[in-house]
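# Coordinates in review
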Amino acid sequence: MGKRVRMTDDSLNSHGSRVLTAGCDTAQYERNPVLLYMHERGKVIGYMKDIEVKDGEISGEPVFDCATELSKQCKKQWEVGSLRMVSIGIDVLELSEKPEHLVAGQTAPTITKSKIFETSIVDIGANDNAIVMRHNGKQITLGRDSENPLPMLSNKPQTTKQQMELKNIAHALGLPETADETAVLAKIGELNRSVAEVEQLKKDKDALTLAQVTSAVETAVKENRLTPDKKEHFINLGKTIGIDSLKATLDAMSPSAKLSKTITPSNGGTPPAGQKTYNKFSEVPEDELRKMRSENPAEYRRLFKAEYGYECNI
């Protein structure tokens, strides 16, 4: 009875890639299961029989035809154990960098679909399941110093810590814990756009409020409800309390007479003997203000209203 050997499995090879058994097509090869020596065309030494795909690996039994001295030699060495490795040749049909297709230490994409075109007896393989691959018309031999035309991973496999961080970020964003990096970045971009829209709306609202407040204050100045020097103060007040509260405040203020007019005593006559006449409340010295407040409250209120535009209570 011959020796059944593993032809390939899902493990990581020496070029940092993997060939998925589930995506490896054996149908065409089983029609012509040629067995070569060292992957060299023209050195046919037999064929593979009883090819089986099972438990994540492909296996078979090499049969030496003994039609050449090379085949006889390989058969003898196979029987004594000096030759004991086989290696398949495949055409690469599809590559994948999806997380579910990558394992720790992988540096090249996983070959998810391929087709076997030959199997060889080899002396020293690059690993336990040496493979020859053809990709985009170029052959890849899995050896220590061989060239590897497979592309490198655009994103290396994530560590367990990185996977946990991504999982936590996805959860915080309201995404499923299984969301990948692309989905997370898309959600962050969506949120950034929402924040930008909110900020723009706030700027627009602030600009509109400022325009309304400025217009209301300027109107109050024109109507002599406010003096020009109070304009900036009431604009800042309006930005704080809002346009509605500002309008209510301004509406409660009565228009005042021009400050350039001489204000006469409330009784229409001359002021009391020895009392100086003032045009502005702010012109009255502090000691005279106290005296006016107690002795001539009508004049006190008139001067106050003339300067500030609203009545004061004494």
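Below, the structure is looked at part by part. (Residues numbered from 1 in each chain as written. Predicted model: local features only at pLDDT ≥ 70, side-chain atom pairs only at ≥ 80, totals over all residues. Heavy atoms only, no water.)

For the structure on display, the rule yields five aromatic pairs. Ring geometry for Phe 281 and Tyr 308: centres 6.2 Å apart, planes at 70 degrees, overall edge-to-face. Of the two residues, Phe 281 is situated in the loop between helix H6 (243-251) and helix H7 (286-295) and Tyr 308 in helix H8 (residues 297-308); the sequence distance between them amounts to 27 residues. With centroids separated by 5.0 Å and ring planes inclined at 50 degrees, the aromatic side chains of Phe 304 and Tyr 308 adopt a geometry described as tilted. Taken together, the residues Phe 304 and Tyr 308, both in helix H8 and four residues apart, mark about one turn of the helix. Take Phe 304: its relative accessible area is 15%, and that puts it in the buried class. The class for Tyr 308 is partly exposed, based on a relative accessible area of 29%. (Phe/Tyr/Trp six-rings, centres within 6.5 Å; stacked < 30°, edge-to-face > 60°. Helix = DSSP H or I, 4+ residues; strand = E, 2+ residues; numbered from the N terminus. Buried < 20%, exposed > 50% of the residue type's maximum accessible area, 1.4 Å probe, protein only.)

A few words now on H6. Those residues of H6 lying buried are Ile 243, Leu 246 and Leu 250. One face of H6 carries all of its buried residues, which in axial projection span an arc of 60 degrees. Exposed residues pointing more than 90 degrees away from the buried face of H6 are listed as Asp 244 and Asp 251. Against the buried residues of H6 lie helix H4 (181-222) and helix H5 (231-241). (Arc of directions from axis to C-beta. Contact = heavy atoms within 4.5 Å.)

Residue placement: Leu 175 occurs in the loop between helix H3 (160-172) and H4. Once the C-alpha coordinates of Leu 175 and Lys 187 are considered, the two residues, twelve residues apart in sequence, prove to be 8.3 Å apart. Contacts of Leu 175, omitting those with residues within four sequence positions, involve Ala 170, Ala 183, Val 184 and Lys 187.

Take the packing of H5 against H6 next. Taken N-terminus to C-terminus, the directions of H5 and H6 make an angle of 135 degrees; their axes are 7 Å apart at the nearest point. As summarised for this structure, H5 and H6 are arranged oblique, according to the angle between their axes. Where H5 approaches H6, its residues Phe 234, Gly 238 and Ile 241 are matched on the opposing element by Ile 243, Ser 245, Leu 246 and Leu 250. Along the lines of polarity and charge, the residues of the contact of H5 with H6 split into five nonpolar, two polar and no charged. (Axes fitted to C-alpha atoms, helices over the stretch in contact; angles between N-to-C directions. Parallel < 35°, antiparallel > 145°, perpendicular 65-115°, else oblique. Nonpolar A, V, L, I, M, F, W, Y, C, P; charged D, E, K, R; others polar.)

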